[in-house]
Amino acid sequence: RPSSRGEAFLLLNSLSRPSSRGEAFLLLNSLSRPSSRGEEAVQLSGLSRPTSRGEAKRRVSVSAPDGDEGKAPSSLCSSASFEARGEEPKPTLQDEDKNTKSYMRRNSLAGKLLQAKLVNACSLSKELLMAGRTFDVRHDLEQRGTFEYAEKAPIRERAEAVWAVQSKNNEISVGRELAEAFLMMEIPYPVEESLQVIMRRQCQGRESLDKDDFCRIIIQYEDTVKGKLELMFKEAAGMDGMVPYKRVPDLLDEVGVPLMCGVKPEILEQLEAQQKSKVNFVEFVNLYEDTYSRAGLTIAEHTRLSEAFESLEDTDGTVSMEELENILSWNDSLVGLGRESTLQSLVEQTARRAMEGRISIDLESWSKGLKAAQSGEKQPPLPRNPRITGCAVLAAARVLHDRIAIGLKGVMAKVGSRGRALSKEKTLSIIEEVGYFGATVDSLQHFMQVCKYDDGKPLDFDQVYTLIFRYCNADGFTDLEEADLTALFKRFDDDCSGTLECGELGPIIRWLGYQPTQYRVYSFAEDFGLHEESQIDLIQFRRMVANYLKLSLTRVREAFANGCLSGAESESGIKVGDLGQLLSMVGYESTLNEMETMIQSLGGPDQALDFMTFKKLEINHRKHVRKTMEENGGVTNAEYKKYQSYFHDNQNDGFVAQKAMRALLGKLFPCTSLDRTRHVRIAQLVKEADADGNGLFDFKEFVWLMNRVTEDMDRDGLVKGLQLKKRLGYTSAEVKQFKDLYSICDEDLSGYIDCEELCSLLSSLIPVEREAKRELEQRFREADSYNSGELDFWEFLTFMRAVQTDNWRNINGVVGKKI
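Along each chain, the written sequence defines residue order, and numbers are assigned to residues from 1. In keeping with the predicted nature of the model, local features appear solely for residues at pLDDT of at least 70, side-chain atom pairs appear and are counted solely at 80 or more, and the whole-chain, interface and lining totals rest on all residues. Computation of side-chain values: all heavy atoms of the structure, hydrogens and water removed.

### Regarding the overall build of the protein chain
- Runs of E in the DSSP output that reach at least two residues are strands. Runs of H or I that reach at least four are helices, and both are numbered from the N terminus. Within the protein chain, the regular secondary structure consists of 40 helices and 10 strands.
- Using a 1.4 Å probe on the protein chains alone, a residue whose accessible area is under 20% of its type maximum counts as buried, one over 50% counts as exposed, and one in between counts as partly exposed. The buried share of the protein chain, reckoned over its 819 residues, is 49%.
- Sequence separation of at least 24 residues holds for 69% of the intrachain contacts in the protein chain that already meet a minimum separation of 6.
- With an accessible surface of roughly 39800 Å², the protein chain has 49% of that area assigned to carbon and sulfur atoms. Two residues form a contact once any of their heavy atoms are found within 4.5 Å. Surface exposure here means Shrake-Rupley accessible area, sampled with a 1.4 Å probe, where a residue is shielded only by the protein chains that are shown.

Laid out in structure tokens, this is it:
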């Protein structure tokens, strides 16, 4: 019987020399511990004792995986604790941009480190944490040129160094302070179960730890984790001490790193690129630490969250609850899959865990907390002004992705794809259910190519999740569409500031090919959360366009789901002859010739029409509208024909005189005569349109002027509409309620209601008899600024404020009783 593990290992391998670095590592691990870092380097390299610290470092790096040469092994990677080398390193910092706040923080902190002589990885991690660099400590150290001085000392020495920084009055409290100490030891997400066992044994009910207790807890926890890794790796390894590379992702999940969908192919692709068919223990631990530090997220998602965190972090490297919610709610459609209440509950639970020092990536533990909160179970009070670290943000994001995955499985079951590989058609249906109603086969094909998926093979769940995640992050736009939107953004960014003013929303939507009413644009701006001073950057612009496309198709999709346009279900279905009404619902104003061409292309008015066919036609029609707008000087064919009629009625010898032009503009835009600012602006546009200064306008100048006035009215109308809400004292929630009320009458989204519709609306609250109707008619005339016999939404809002202020026929009391 062999007397030791090392003897057993040699017997199993026929007493031969190890055939690989991994085998050598396992052999060394089973033998005696090296007495120094230099001796460990000798054992690993099989050469003589190194003559210098640099040579020792180079030799130790031979056990690192490809691409990690020169990196010091982490505590979980080492087969034995390293001892100090008996000499104090002299770290030097590379020059950085001293104008950035991050440098100012880190430079001063580095000075503190040098004074305290805490030049090891754990203390640097703490200081980088306090500087807001909680995501990639190793990368930061390498960039600063100090990594060679950050090689890990024995666990006890590192724990004592952390104690010197973290303890207060020679104690570390159990909770947040202990969690920060673990983070300094590069253990951001301690396994709750393992830690609780150790804490019960060491703390014995105490709420604070002395130095010896703290060091013992750290040592026992690291030994526990390292032992678990070694045990599970050896169980999975073959006779050569290595694990097949395809087994690695599953093994990582088994050792406690919950991998987000997309991480598994990411790891396999990385190993295949390195031409590794098998992985040794060192390489496995490096992969473990890499995915563990990212909380199991993909590299792309980790990068996105890191950038979002760093853009919001405070000087202490933390964010508030509101900022955390902003980081996590990057896509309403995708986040909505995890239920609307999940995000708020998750933010609150993250804040509690962060302040209590209980941040982990144990999804089951988080899930129990979320279910308890959503079931109405009483929760502990939220801490006052909680601050949340970057590691907590990553953990919360990993939990959110888990909830999204559960929601996506529910969507898959809804479309009849539970537990089966998905075809392209089913995947497209899932994307629509997520909220991207404009998804087409072409756009799906594009993102499948981006994900490098085989077009002919069905997709499994991980592939569907990755595909939809990329689709949502791109807001459903292909590369060509993205370039087109960027060009459109720059077209309206006159001052090259990188932002657009809120008033540009109407003209932009028109240039997308739609012809929305001012009310429709205003309604969308309210829903999107814009106000009169909003500045829109390119990313917000892209998301805003995606939301408008979704909004424009929502009612049409409902009509196809019901099988008719009236709202009630019908067996006959929707016909091609309904195309004009469908396009009007989306926001188009098409000419008769355009409609006839489209109907004939679909086989005639009696042919059945499905939603997918309509979407293809709508996209092509939008492209056609944009092309004609370029050709017609910025107006659609329908507008062009309308302007031809206006010009013909007011021209003389092919020209419109300036006096006739002003009269026509006053008729078409009556608001210009009642608003001095608008009147002056219109006069300026009339002067600009008369390029040759002869006081006469040919048809080209006439079209240019009409287009500019329309755009100007759109800008002004939106801004004044948003300002009106503030002037009348209504909240956004109240305005939304009034919009819903207004839409009951304005079913065609024309933007106007008449007195009869208004009386009918109010009759549901107050009996509108003869006297009451006369009073309403009088109030209606007072609100009708342009004597048009109709109220637009802003006039309706003013009308409702007057009714509430005067408490007409006790309407406020009636509404209160109804509620």
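### Here we look at the nonpolar core
- Formed by 110 residues in total, the largest nonpolar core has its most connected members in Phe214 and Phe284.
- Examining the composition of this core, we find that 14 residues originate from one element, helix 20 (residues 390-414), more than from any other.
- The residues contacting Phe214, other than those within four sequence positions of it, are Ala159, Val162, Trp163, Ile172, Leu178, Ala181 and Leu209.
- Within the second largest apolar cluster, 78 residues are counted, among which are Leu553, Val576, Phe614 and Met800. Among buried residues, the Ala, Val, Leu, Ile, Met, Phe, Trp, Tyr and Cys ones that are joined through side-chain atoms within 4.5 Å form a nonpolar core.

### Notes on the environment of Arg801
- Residue position: Arg801 is located in helix 39 (residues 793-806).
- Distance in space between the C-alpha atoms of Arg801 and Leu728 is 6.9 Å, their sequence separation being 73 residues.
- With near-sequence residues (within four places) excluded, Arg801 lies in contact with Leu728, Gly729 and Tyr730.

### Focus: the packing of aromatic side chains
- Ring geometry is summarised as follows: Phe, Tyr and Trp rings, the Trp one being its six-membered ring, pair when their centres sit within 6.5 Å, and such pairs are stacked at plane angles under 30 degrees, edge-to-face over 60 and tilted between the two. One pass over the structure, following the stated rule, counts 31 aromatic pairs.
- Aromatic side chains Tyr436 and Tyr471 sit 5.4 Å apart centroid to centroid with 80 degrees between the ring planes, which places their arrangement in the edge-to-face category. Separated by 35 residues along the polypeptide, Tyr436 in the loop between helix 21 (424-434) and helix 22 (441-450) and Tyr471 in helix 23 (residues 461-473) bring together distant segments of the chain. Comparing Tyr436 with Tyr471 shows no difference in burial state: the two are buried.
- Here Phe524 and Tyr548 contribute two aromatic rings whose centre-to-centre distance is 5.3 Å and whose plane-to-plane angle is 90 degrees, an arrangement assigned as edge-to-face. With Phe524 in helix 26 (residues 518-528) and Tyr548 in helix 27 (residues 538-562), this residue pair connects regions lying 24 residues apart in the sequence.

### Quick look at the packing of helix 37 (residues 755-762) against helix 38 (residues 770-783)
- At their nearest, the axes of helix 37 and helix 38 sit 10 Å apart, and the two run at 125 degrees to each other. Viewed along their axes, helix 37 and helix 38 adopt a mutual orientation that is oblique. Here helix 37 runs over helix 38; the crossing is right-handed. Of helix 38, the residues touching helix 37 (which contributes Cys755, Glu756, Leu758, Cys759 and Leu762) are Lys773, Leu776, Glu777 and Phe780.
- Class assignment for the residues of the contact of helix 37 with helix 38 results in six nonpolar, no polar and three charged. Every axis corresponds to a line fitted to the C-alpha atoms, with the helix fit spanning only the stretch in contact, and the corresponding angles, defined between N-to-C directions, vary from 0 to 180 degrees. Our angle categories are set so that under 35 degrees counts as roughly parallel, over 145 as roughly antiparallel, 65 to 115 as roughly perpendicular, and the remainder as oblique. A clockwise turn of the near helix away from the far one marks a right-handed crossing, whereas an anticlockwise turn of less than a right angle marks a left-handed crossing. For this classification, the nonpolar set comprises Ala, Val, Leu, Ile, Met, Phe, Trp, Tyr, Cys and Pro, the charged set comprises Asp, Glu, Lys and Arg, and every other residue, Gly included, is treated as polar.

### A closer look at the pattern of salt bridges
- Salt bridges are identified by distance alone: a Lys or Arg side-chain nitrogen within 4 Å of an Asp or Glu carboxyl oxygen. Counted under the stated rule, the structure contains 37 salt bridges.
- Across the pair Lys739 and Asp527 runs a salt bridge whose closest N-O atoms are separated by 2.8 Å. You can see Lys739 sitting in helix 36 (residues 732-745) and its partner Asp527 sitting in helix 26, a full 212 residues away along the chain.

### Section: the packing of helix 26 against helix 35 (residues 699-728)
- Remark: helix 26 packs on helix 35, axes separated minimally by 10 Å, with the N-to-C direction vectors making an angle of 50 degrees. Between helix 26 and helix 35, the interaxial angle falls into the category oblique. Like other packed secondary-structure pairs, helix 26 and helix 35 cross with a definite hand, here right-handed. Between helix 26, through Gln518, Val521, Tyr522, Ala525 and Glu526, and helix 35, the contact on the second element is made entirely by Met713, Asp714, Gly717, Leu718, Gly721, Leu722 and Lys725.

### Looking at the confidence of the model for the protein chain
- Within a predicted model, pLDDT stands for the predictor's per-residue confidence, ranging from 0 to 100. Mean pLDDT over the protein chain: 77, with 78% of residues reaching 70 or higher.
- Considering each helix and strand of the protein chain separately, the mean pLDDT is smallest for helix 5 (residues 101-116), with a value of 32, and largest for strand 3 (residues 243-244), with 93.
- The low-confidence segment residues 5-152, where pLDDT is below 50, has 246 contacts with residues more than four positions distant or belonging to other chains.

### What to know about helix 29 (residues 592-601)
- Taken together, the buried positions of helix 29 are occupied by Glu594, Met595, Met598 and Ile599. For helix 29, the arc enclosing every buried residue in end-on projection is 130 degrees, short of the 170-degree limit, so these residues lie on one face. More than 90 degrees from the buried face of helix 29, the exposed residues found are Leu592, Asn593, Thr597, Gln600 and Ser601.
- Looking one or two residues beyond helix 29, the residue adopting positive phi is Gly603, at roughly 95 degrees. For this quantity, the arc is that covered by the directions from the helix axis to the C-beta atoms.

### Thoughts on helix 10 (residues 192-203)
- By the burial criterion, the buried members of helix 10 are Glu192, Leu195, Ile198, Met199, Gln202 and Cys203. Around the axis of helix 10, the buried residues are gathered within 135 degrees of arc, so they sit on the same side. Structural note: helix 10 exposes Glu193 and Arg200 on the side pointing more than 90 degrees away from its buried face.
- Following helix 10 by one or two positions, Gln204 has its phi on the positive side, about 50 degrees.

### Quick look at unusual backbone geometry
- Here Ala295, not a glycine, exhibits a phi torsion of approximately 60 degrees, which is positive.
- Within the secondary structure layout, Ala295 lies in the loop between helix 14 (281-293) and helix 15 (299-312).
- Phi angles above zero are rare outside glycine, and Cys496 is one such case at about 55 degrees.
- Given a relative accessible area of 68%, Cys496 falls into the exposed group.

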